[in-house]
Amino acid sequence: MNNSKDNILSKIRAVKRTEIPLPTIGEFAHPADLKKTFCEAILSNKGEILTQEGFMEIMASADFPKRYSPIEAYRKFNTFKLPQDPHALNDLDLAIVQGQFGVAENGAIWFEEEDLIHRVLPFITDHLIVVLSIDNLLGNMHAAYERMDNNHSGFGVFIAGPSKTADIEQSLVIGAQGARSLKVVLV
Amino acid sequence: MSHPVEAEAFLKDKATSKWHDETLWFVRDKRDKVSKTVPEWEELRELASQIKDNVLSQLEVYLEAFEKNAVANGIQVHWAKDAQEHNKIVLEILKNKKCKAIVKSKSILTEECHLNPFLEKNGVEVVDTDLGERIVQFLNQAPSHIVLPAIHLKKGQISDIFHEKLQTEKGNDDPTYLTQAARVHLRGKFLGAKVAVTGVNFGVAETGEFVVCTNEGNADMGVHLADVHIACMGIEKIIPKREHLGVFLRLLARSATGQSITNYNSHFRSPAVGKEIHLILVDNGRTAQLGREKFRNSLKCIRCGACMNTCPIYRRSGGFSYKSTVPGPIGSILSPGIDLQKHSSLPFASTLCGSCTDVCPVKINIHEQLYEWRQEITKSQSALNGKSIAMKIANGIFSVPFAYHVSGAMMRGALKILPESVTYSGLNTWGKGRDLPELPKESFRNWYEKNRK
Ligand code: SF4
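Source: prediction; values computed, not measured. (Residues numbered from 1 in each chain as written. Chains lettered and ligands numbered in written order. Predicted model: local features only at pLDDT ≥ 70, side-chain atom pairs only at ≥ 80, totals over all residues. Heavy atoms only, no water.)

**Concerning the overall build of chain B**
Right, so step 1: The helix and strand inventory of chain B stands at 22 helices and 10 strands.
Right, so step 2: Going through the 453 residues of chain B one by one, you find that 66% of them count as buried.
Right, so step 3: Taking contacts inside chain B between residues at least 6 apart in sequence as the whole, the part at least 24 apart equals 74%.
Right, so step 4: When the accessible surface of chain B is totalled, it reaches about 16200 Å², and 53% of it is carbon and sulfur. (Helix = DSSP H or I, 4+ residues; strand = E, 2+ residues; numbered from the N terminus. Buried < 20%, exposed > 50% of the residue type's maximum accessible area, 1.4 Å probe, protein only. Contact = heavy atoms within 4.5 Å. Areas by Shrake-Rupley, 256 points an atom, 1.4 Å probe, with all protein chains shown as cover.)

Structure representation (structure tokens):
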């Protein structure tokens, strides 16, 4: 096995090249209205924006019988016990998770393993609601990577919309293999 | 089989080929619109290009750093010099885990290595979980486009194969209905798989993490439910630092489909408790391409597919006509490096209009490299046989660089004009499948005559 490593590396070393320096990434202007730009991006990714009232209405309704949230403040809404085996999350109707920050230019919301408990949670759940603080909106992806610095979570993900596909004649269908909807509540 | 012969077959179904052409142009148009909403777009392309230049100039350093950091994070790193070794490593892991069925998300590298047939021969069931890939897998086909695997198919064909494989209603070709049927089918596969295979969009040397982007969420459904994640990565997929992801993620989806970002962008740094991540670093001809100075920067490719969507030849000839895992303009540079004999007609499947180069997010000089390959092929083949096919082709294409130099700007305009006025009017060069040598001459002359005013 190490043979191939040596083989590959020595083949690369055998190619004479002059070192080309890394460029520095400059500053780019951020959108003027972060909230507005973020909301537009979520909508164009086929997500939805929920008001806090709208969120409470869903919580009061019987629309999603099996609900789970790892967020302390929303535990009271849980009707589904976190299983040991993540496969059992297949029955889940709705997960409510907290995003660390959102990116205005594209609607991407950052989560780490610790926010999700099980890595598969935001994918396997039928529907997903994300709670995000307006104070945690950033302008662009450069700001996003600056913000996360070199955190050492084992898994992190930007989620920007619901699961979707256009693989059949380019017709957009929401709800391919992952969550069928993404609703964002800005608080 | 050469490209023009294959292209002729594709063009027999006039309605589908017209649809194919127009649909890809529509995707290209979306890319244009969304890129114009980013004021620093050109600066981002330049940055991406420079970052990749730096990577290629220091590839060995980054690969070693990447391995070291990944191993420190608990990822098991393997090295494969070619497709065969890559496949053997995958099979070995599966045997160790006594695994007979896997789920796999989109990975062009595993297509390149022909992993599926190899595993199937060894008794492993492979389920491709990207919807488009599952569709072509049902049909025993390869993807015809690296981002839109089933773009060559119409919904009626998909309805028929789903009726056969998934017992959907006969004749129901509603995309939502068919997607739901696939969702239910694939859920079962995800829940049952012990090992999941994915590709890699970016590997970060500084942190040892790697990033996988999808819209369907299928890669994540697979790997988080499985015990073992095998990630297959070409050695050129490395980038130096995490901050560089900011540049590439801004460019990738916008270039690919005109979305501002893919809906899921997963960063894998270490396995979840009790699980394993294996990462296979694959050469398979990449170091050889690195050594070809003129073609080196084809290794900068981030597989966005934009050069395919914009290419007037690709749009009209379909992905299969290239007979190479990566079709289209970039495939026509990469494939001759792997097997010059087999792929010698590909660099000629181009008008050299330069549209590919214009849209490429990492600024690969695609059309110039196609031209370079033509020189190489003509040289190598005429040495063998003065009357070889490449010689004949080369005679014909001398008019192409001419047209390119004389009227490069107008050529770009012609991209838009060509679909209706030339392609379906009987003047179409790739449609009529005459001898290739005459084709570029005639189409360009015709076009040139019409547009010179
Ligand atoms: S060559 Fe450029 S445009 Fe073509 S797939 Fe690669 S990155 Fe995209």
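From this point on, the discussion continues.
**Concerning the packing of helix 8 (residues 131–138) of chain B against helix 10 (residues 175–192) of chain B**
Residue and element names in this part refer to chain B.
Right, so step 1: Where helix 8 contacts helix 10, the two axes come as close as 11 Å, and the packing angle between them is 85°. One element, helix 8, and the other, helix 10, form an angle in the roughly perpendicular class. In this structure, helix 8 contributes L131, R134 and F138 to the contact, and helix 10 contributes T179, A182, H185 and L186.
Right, so step 2: Of the residues that constitute the contact of helix 8 with helix 10, the class distribution is four nonpolar, two polar and one charged. (Axes fitted to C-alpha atoms, helices over the stretch in contact; angles between N-to-C directions. Parallel < 35°, antiparallel > 145°, perpendicular 65-115°, else oblique. Nonpolar A, V, L, I, M, F, W, Y, C, P; charged D, E, K, R; others polar.)

**Description of the confidence of the model for chain B**
Right, so step 1: Overall, the prediction assigns chain B a mean pLDDT of 87, with 84% of residues at 70 or greater.
Right, so step 2: Considering only residues more than four positions removed or in separate chains, one finds that residues 394–442 of chain B, a stretch of pLDDT under 50, has 88 contacts. (pLDDT = per-residue confidence, 0-100.)

**Brief notes about helix 9 (residues 155–166) of chain B**
Right, so step 1: Listed in full, the buried residues belonging to helix 9 of chain B are I158(B), S159(B), I161(B), F162(B) and L166(B).
Right, so step 2: A positive backbone phi angle near 55° is found at Q167(B), which sits one or two residues after helix 9 of chain B.

**Focus: the sheet that holds strand 4 (residues 195–198) of chain B**
Right, so step 1: Spatial ordering of the open sheet is given by 1-10-7-4-2-3 (chain B), a layout of six strands whose pairing is parallel. The open sheet has two free edges, formed respectively by strand 1 (76–80) and strand 3 (125–128) of chain B, since each of these has just one partner strand. When strand polarity is set aside, the average angle formed by the axes of neighbouring strands in this sheet is 25°.
Right, so step 2: Seen against the sheet, helix 1 (residues 2–13) of chain A touches strand 1 and strand 10 (276–282) of chain B and runs at an angle of roughly 65° to strand 1 of chain B.
Right, so step 3: The strands touched by helix 10 of chain B within the sheet are strand 2 (101–104) and strand 3 of chain B, with strand 3 of chain B carrying the most contacts at an inclination of about 130°. (Pairing = 2+ DSSP bridges.)

**Observations regarding the environment of V97(A)**
Residue and element names in this part refer to chain A.
Right, so step 1: Looking at where V97 falls in the secondary structure, it is placed in strand 3 (residues 94–98).
Right, so step 2: Accessibility expressed as a relative area gives 0% for V97, which makes it buried.
Right, so step 3: The spatial distance from the C-alpha of V97 to the C-alpha of L128 is 7.7 Å, given a sequence separation of 31 residues.

**Observations regarding the UniProt feature "domain: LUD" (unreviewed entry) in chain A**
Right, so step 1: The sites that carry the UniProt feature "domain: LUD" (unreviewed entry) are, in the present numbering, residues 89–187 of chain A.
Right, so step 2: End-to-end, the C-alpha atoms of residues 89–187 of chain A are 27 Å apart, and along that stretch the chain is 16% helix and 35% strand. (UniProt positions renumbered as here; feature names shortened; annotations may be inferred.)

**Topic: the pairing of strand 2 of chain B**
Right, so step 1: Two elements, strand 2 of chain B and strand 3 of chain B, share four bridges in a ladder whose sense is parallel. Bridge pairing links I102(B) to V126(B) in strand 3 of chain B.

**Topic: the site of the ligand**
Right, so step 1: Taken together, 13 residues lie near the ligand, and C301(B), C304(B), G305(B), C307(B) and C360(B) sit nearest.
Right, so step 2: Taken together, the residues that form the shell around the ligand break down as 11 nonpolar, one polar and one charged. (Near = heavy atom within 4 Å.)

**Here's the deal with helix 1 of chain A**
Residue pairs spaced three or four apart in an α-helix point in one direction, given the helix's 3.6 residues per turn.
Right, so step 1: With 12 residues, helix 1 of chain A extends 16 Å from end C-alpha to end C-alpha; this agrees with the ideal 16 Å at 1.5 Å per step.
Right, so step 2: Turning to helix 1 of chain A, its buried residues number three or more, namely S4(A), K5(A), I8(A), L9(A) and I12(A). The buried residues of helix 1 of chain A occupy an angular sector of 125° when the element is viewed end-on, so they sit on one face. Residues of helix 1 of chain A that are exposed and point more than 90 degrees away from the buried face comprise N2(A) and N3(A).
Right, so step 3: Its buried side turned inward, helix 1 of chain A meets helix 4 (59–72), strand 1, helix 5 (83–96), strand 10 and helix 13 (286–291) of chain B. (Expected span 1.5 Å × (residues − 1). Arc of directions from axis to C-beta.)

**Brief notes about the pairing of strand 9 (residues 264–268) of chain B**
Right, so step 1: With five of five residues buried, strand 9 of chain B lies mostly within the body of the structure.
Right, so step 2: Sheet analysis places strand 8 (residues 155–159) of chain A next to strand 9 of chain B, joined by five bridges and oriented antiparallel. Note on strand 9 of chain B: the bridge partner recorded for I159(A) is Y264(B).
Right, so step 3: Two elements, strand 6 (residues 209–214) of chain B and strand 9 of chain B, share five bridges in a ladder whose sense is antiparallel. Looking at the pairing, C213(B) lines up with N265(B) of strand 9 of chain B.

**Remarks on the pattern of salt bridges**
Opposite charge on two side chains allows them to pair when their charged atoms are near.
Right, so step 1: If you walk through the whole model with that rule in mind, you get 34 salt bridges over all chains.
Right, so step 2: One salt bridge connects E40(B) with R250(B), and the closest N-O pair in it is separated by 2.9 Å. Here E40(B), found in the loop between helix 2 (14–35) and helix 3 (41–57), pairs with R250(B), found in helix 12 (residues 243–256); they are 210 residues apart in sequence, far enough to count as distant. Across this residue pair, the class does not change: E40(B) and R250(B) are buried.
Right, so step 3: Overlapping salt bridges, with partners in common, bring together E105(A), E40(B), R250(B) and R254(B) in one network. (Salt bridge = Lys/Arg side-chain N within 4 Å of Asp/Glu carboxyl O.)

**Description of the packing of aromatic side chains**
For any two aromatic rings, the description comes down to two numbers: the centre-to-centre distance and the angle of the planes.
Right, so step 1: Per the stated rule, a full pass over the model turns up 13 aromatic pairs over all chains.
Right, so step 2: Taken together, a centroid distance of 5.2 Å and an interplanar angle of 50° make the contact between F123(A) and Y264(B) tilted. Placement of F123(A) in helix 5 (residues 121–124) and of Y264(B) in strand 9 is noted, with the two residues assigned to different chains. We note that F123(A), like Y264(B), is buried.
Right, so step 3: Pairing F138(B) with F162(B) gives two aromatic rings, centres 5.9 Å apart and planes at 90°, and the pair type is edge-to-face. One end of the pair, F138(B), is in helix 8; the other, F162(B), is in helix 9, with 24 residues separating them in the sequence.
Right, so step 4: Classification of F162(B) by relative accessible area gives buried; the value is 0%. (Phe/Tyr/Trp six-rings, centres within 6.5 Å; stacked < 30°, edge-to-face > 60°.)

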